[in-house]
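Next come the chains, spelled out residue by residue.
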Amino acid sequence: MTVREILKMGDARLLRVAQPVTAFDTDDLHLLITDLLDTMRAADGAGLAAPQIGVDLQVVIFGSGEPNPRYPQAPVVPRTVLINPVLTPVPDAQGVLLEEEGWEGCLSVPGLRGVVPRYQSLRYQGFDPYGDPIDRTVHGFHARVVQHECDHLMGVLYPMRVRDFSRFGYTSVLFPGLDAQDD
Ligand code: NI
């Protein structure tokens, strides 16, 4: 078990566009994923992207299959390892790409939360660690988590997507009852 240091906003490594994974089911890739899972679990994260531990690869993990103490109201998202993701927003029956607002935090931006608009419905495609394809269409919180994590692969942190800074601030002030540790 290796809990890695999580880089914080301001570190230039968080601003890189990550490289695609070219070899699946390798020892190096499995080790990276174990470290990501251990680090996410230790921090009670909803997700974690490889760039957040300084690894310049298109690998994200998210979900735990059980309720998250940092987001107690959020629906349960299945534990997923997603590699080389491609995201496609899904329009509604009228052909409209709907956005919805929701609170986000980030382990690279500890102690803060902000309201971020995201696509409500999303198709995501990619690969698992063995190179088997993943292709899911999801909505709401699940879609939000995927968009947040995949943003990390493009060097985008959620504060860059905040439109209304009157809804951005310290978790301890915004949500005084929430047991959110240091984040
Ligand atoms: Ni994040």
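The following refers to the structure shown. Predicted model, so just to flag it, every value in this text is computed and none were measured. (Residues numbered from 1 in each chain as written. Predicted model: local features only at pLDDT ≥ 70, side-chain atom pairs only at ≥ 80, totals over all residues. Heavy atoms only, no water.)

Let's shift gears to the packing of aromatic side chains. Given two aromatic rings, one states the distance between the centres and the angle between the planes to describe the pair. By the definition in use, this model includes five aromatic pairs. For the ring pair Phe24 and Phe127, a centre distance of 5.5 Å and an interplane angle of 55 degrees mean the geometry is tilted. A residue pair is termed long-range when its members are at least 10 positions apart, and Phe24 in the segment before helix H1 (27-42) and Phe127 in strand E6 (residues 121-127) qualify at 103 residues. In textbook terms, an aromatic cluster arises when at least three aromatic residues are bridged by ring pairs, as seen for Tyr158, Phe165 and Phe168. (Phe/Tyr/Trp six-rings, centres within 6.5 Å; stacked < 30°, edge-to-face > 60°. Helix = DSSP H or I, 4+ residues; strand = E, 2+ residues; numbered from the N terminus.)

Moving on, we come to the coordination of the nickel ion. Coordination of the nickel ion by the protein involves Cys106 (SG), His148 (NE2) and His152 (NE2), with metal-donor separations of 2.1 to 2.3 Å. Positions of the donor residues of the nickel ion, expressed as sequence spacing, correspond to C-x41-H-x3-H. One end of the pair is His148 and the other is His152, both in helix H2 (residues 140-152) and four residues apart, which spans about a single turn. For His148, a relative accessible area of 7% puts it in the buried group. When its relative accessible area of 1% is taken as the criterion, His152 is described as buried. (Donors = N, O, S within 2.8 Å, 3.2 Å for Na, K, Ca; no water. Buried < 20%, exposed > 50% of the residue type's maximum accessible area, 1.4 Å probe, protein only.)

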